[in-house]
Number of protein chains: 2
Amino acid sequence: MSPQNYSLSKPWNVNSLTLEQFMVENQYDPSMFQALIFCPLCPLPINKMVFQLLPCLKVVVTTSTGVNHIDLSECQCRGIQVANVGSLYSEDVADVAVALLIGVLTSIVAADRFVRATMQFDFPQASYSKIVLSDFVGFFDILRALVKDIKSSRFEALAWKVAKRLEAFGCIILYLSRKKKPFITYPFYSNMLELASNSDALVLCCPLNEETRHMVNKEVMLALGNKGVIVNVGRWSLIDEELVNCLIEGHIGGAGLDVFENEPNVPQQLLVLDNVILSPHNAAFTNETFMAATQLVEDNLEAFFSNKSPVTPIKLN
Amino acid sequence: MSPQNYSLSKPWNVNSLTLEQFMVENQYDPSMFQALIFCPLCPLPINKMVFQLLPCLKVVVTTSTGVNHIDLSECQCRGIQVANVGSLYSEDVADVAVALLIGVLTSIVAADRFVRATMQFDFPQASYSKIVLSDFVGFFDILRALVKDIKSSRFEALAWKVAKRLEAFGCIILYLSRKKKPFITYPFYSNMLELASNSDALVLCCPLNEETRHMVNKEVMLALGNKGVIVNVGRWSLIDEELVNCLIEGHIGGAGLDVFENEPNVPQQLLVLDNVILSPHNAAFTNETFMAATQLVEDNLEAFFSNKSPVTPIKLN
């Protein structure tokens, strides 16, 4: 970055110091900060406490797509603008979502582990039962965020991109939404349970908010069935904690997970499961996208400090 | 199977007994065998020696797609018909080919191994450099078998299905063939080296024969480059043995391998590589396909013993 209208402070390492300690240690005057760049590798809440410590904050720029770590109501009250990365990651995340789904269905990771462990393969043992991809019914949630007017266009774009990829595998696509969308021709469902009953796979592409939290509960997983697969590239809490037990007990067939509850920690019970692929929340971490995200953060800051609208704003109202 | 016009002998376990020992041990009269069903889990050559031991053989039915283990010239000389499984496996194999390619590009297996080993992930470490799928140029070999008139339509169908899937990821598809095919609109190449220079990934969907053996040699791999990925769902020997060194030394970026030279053994040097996915030649091993293949073998035998043409013949002439 080569800022013209602003200067960057030393980065706050969220792991070792609280924001308060960081400010004191660096002898920063709180009133000097107008913008906060947040790179949520270990997402800490951007909440009232942060805003109290940075009273002159006017913009929060997050390098993530999801904004569930930001108290948007509080931002709105304080007139703080919020910018995310828009739909920047959707191509990469769609690639990984499909890789996870096909990967689980074809047991690609378990098979590789098996070969590496045995140094040879015994064909009958290697004959994992897998669902024929062409026969399964994919499901792509494109539920809009209920938090009014938050733009979830990225998530829709993501679901759309995942759907287009899986169509090429012969998948039949269904979708869940609050309202039928006239421009989408896939069969529409408004009820999650009904949808899960008719699906062999659920791909969660939606933002996390109070409406979507635990939208995939135990009942939904039982409806999906013991051959059903769940892919989560959104946030862990879209699925109820029962997921782990359902995987262990075989109530569902498998899962491809790029997100976890207490990242970077992964539930220990998942580590021994062959029906799970564990991806370290790196769906969007390509070199190209990393560079593009850095540029987008700079563009959003330049816009703010030039009194223009953010390039990729989160609408608050 | 419930044969009407024929009876099945005890299966010959190719691992423990030679065919000669098997015949003697079971006190079989060689002249009683007109058909040989071959399930090439450990592909043994079906050659002159086999035909000498079974002098009345009139048909070989293999449960594989590839027929490189069968001496076709000898079959032709002796008037022995050959049937394979046609294009039965192409959907499943296309799924796995794409899973391997995306899997290597997104480091899905290495990432899972990393998470399982560390029980948590350190984001920067987990940030594998990967090729953005949407930017790469896929290549699908649909080279026709030079052994005159052997039907390689299955391989073409496979390449086509792989191409259609990857198109949905935004891949640009090129193809190699002896002659330009009027019905294929992808850019055509007749020179392997030239094609590899213009590709980021090679997906080998072609049959193994004297023309295609080692078609991907070291020069081709160097042309593909250190970010290039090779997927092999055909036969190991389509690629020169230099593959292992090229992977170790980083001359190519990675490989997704479903086939190996001395199956079921896997080269030990591959076991420690993070840029490789090892799949135990199970691309076609879904339950559904296994049942369908069993039925197809039965159909081919029924046809033969009813003096009809095989359902899925290999053309010999």
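Attention in this report is confined to the structure presented alongside it. Positions within a chain are numbered from 1, following the residues in the order the chain's sequence is written. Lettering for chains starts from A, numbering for ligands starts from 1, and both go in the order in which the items are written. It should be noted that, the model being predicted, local features are given only for residues of pLDDT at least 70 and side-chain atom pairs only at 80 or more, the latter also being counted only at that level, while totals for whole chains, interfaces and linings use all residues. In computing side-chain properties, one takes all heavy atoms of the structure into account and sets aside hydrogens as well as water.

1. With respect to the sheet that holds strand β3 (residues 81–83) of chain A
All names here are of chain A.
Here's step 1: The sheet built from four strands is open, its strands ordered β1-β2-β3-β11 with mixed pairing. The open sheet has two edge strands with one neighbour each: β1 (35–38) and β11 (313–314).
Here's step 2: Two strands form a pair only when DSSP identifies at least two bridges running between them. A run of H or I in DSSP becomes a helix once it reaches four residues, and a run of E becomes a strand once it reaches two; helices and strands are each numbered from the N terminus. The pairing of β3 with β11 spans two bridges and is classified as antiparallel. The partner of Ala 83 across the bridge, within β11, is Pro 313.

2. Some words on the pattern of salt bridges
Here's step 1: Each salt bridge in this description consists of a side-chain nitrogen of Lys or Arg and a carboxyl oxygen of Asp or Glu lying within 4 Å of one another. Enumeration according to the criterion identifies 20 salt bridges over all chains in this entry.
Here's step 2: As a salt-bridge pair, Asp 112 of chain A and Arg 113 of chain B come within 3.2 Å of each other at their nearest N and O atoms. Taken together, the positions of Asp 112 of chain A in helix α5 (residues 108–118) and Arg 113 of chain B in helix α5 (residues 108–118) put the pair across two chains.
Here's step 3: For Asp 112 of chain A, a relative accessible area of 1% puts it in the buried group.
Here's step 4: For Arg 113 of chain B, a relative accessible area of 26% corresponds to the partly exposed category.
Here's step 5: The salt bridge partner of Glu 242 of chain B is Lys 218 of chain B, with a shortest N-O separation of 4.0 Å. With Glu 242 of chain B in helix α10 (residues 242–248) and Lys 218 of chain B in helix α9 (residues 218–224), this pair connects stretches of sequence that are 24 residues apart.
Here's step 6: In this scheme, a residue with accessible area under 20% of its type's maximum is buried, one over 50% is exposed, and one in between is partly exposed, where area comes from a 1.4 Å probe on protein chains only. Take Glu 242 of chain B: its relative accessible area is 25%, and that puts it in the partly exposed class.
Here's step 7: Accessibility expressed as a relative area gives 34% for Lys 218 of chain B, which makes it partly exposed.
Here's step 8: Each member of the salt-bridge network shares a partner with another, and the members are Glu 91, Asp 95, Lys 161 and Arg 165 of chain A.

3. Description of the packing of α5 of chain A against α5 of chain B
Here's step 1: Every angle, taken between N-to-C directions, lies between 0 and 180 degrees, and every axis is a line fitted to C-alpha atoms, over only the stretch in contact when it is a helix. Where α5 of chain A meets α5 of chain B, the closest approach of the two axes is 10 Å, and the angle between their N-to-C directions is 75 degrees. In terms of their interaxial angle, α5 of chain A and α5 of chain B are classed as roughly perpendicular. Of the residues in α5 of chain B, those touching α5 of chain A at Ile 108, Val 109, Asp 112, Arg 113 and Arg 116 of chain A are Ile 108, Val 109, Asp 112, Arg 113 and Arg 116 of chain B.
Here's step 2: The residue classification treats Ala, Val, Leu, Ile, Met, Phe, Trp, Tyr, Cys and Pro as nonpolar and Asp, Glu, Lys and Arg as charged. All others, Gly included, are polar. Of the residues assigned to the contact of α5 of chain A with α5 of chain B, the class counts are four nonpolar, no polar and six charged. In this scheme, roughly parallel covers angles under 35 degrees and roughly antiparallel covers those over 145, while 65 to 115 is roughly perpendicular and the rest are oblique. When checking whether two residues touch, look at their non-hydrogen atoms; a contact exists if any pair is within 4.5 Å.

4. Some thoughts on α5 of chain B
Residue and element names in this part refer to chain B.
Here's step 1: When you tally the buried positions in α5, you get eight out of 11 residues, the bulk of the element.
Here's step 2: Where α5 is concerned, the buried positions are Ile 108, Val 109, Ala 110, Ala 111, Asp 112, Phe 114, Val 115 and Arg 116.
Here's step 3: Just past α5, the residue Met 119 takes up positive phi, approximately 65 degrees.

5. So, the packing of aromatic side chains
Here's step 1: Two aromatic rings from Phe, Tyr or Trp, using only the six-membered ring of Trp, form a pair when their centres are within 6.5 Å; if the ring planes differ by under 30 degrees the pair is stacked, by over 60 it is edge-to-face, and anything between is tilted. For the coordinates displayed, the defined rule picks out 17 aromatic pairs over all chains.
Here's step 2: Between Tyr 6 of chain A and Phe 305 of chain A, the aromatic rings sit 4.8 Å apart at their centres with planes inclined by 20 degrees, giving stacked as the arrangement. Of the two residues, Tyr 6 of chain A sits in the segment before α1 (19–25) while Phe 305 of chain A sits in helix α11 (residues 287–305), which places them 299 residues apart along the sequence.
Here's step 3: For the pair Trp 160 of chain B and Tyr 186 of chain B, a centre-to-centre distance of 6.1 Å together with 45 degrees between the ring planes defines the contact as tilted. With Trp 160 of chain B in helix α7 (residues 153–167) and Tyr 186 of chain B in the loop between β5 (172–176) and β6 (188–189), this pair connects stretches of sequence that are 26 residues apart.
Here's step 4: In this structure Trp 160 of chain B comes out as partly exposed when scored by relative accessible area, which is 37%.
Here's step 5: With relative accessibility at 11%, the residue Tyr 186 of chain B sits in the buried group.
Here's step 6: Feature note: the residues Trp 12, Phe 22, Tyr 28 and Phe 33 of chain A constitute an aromatic cluster, connected by ring pairs.

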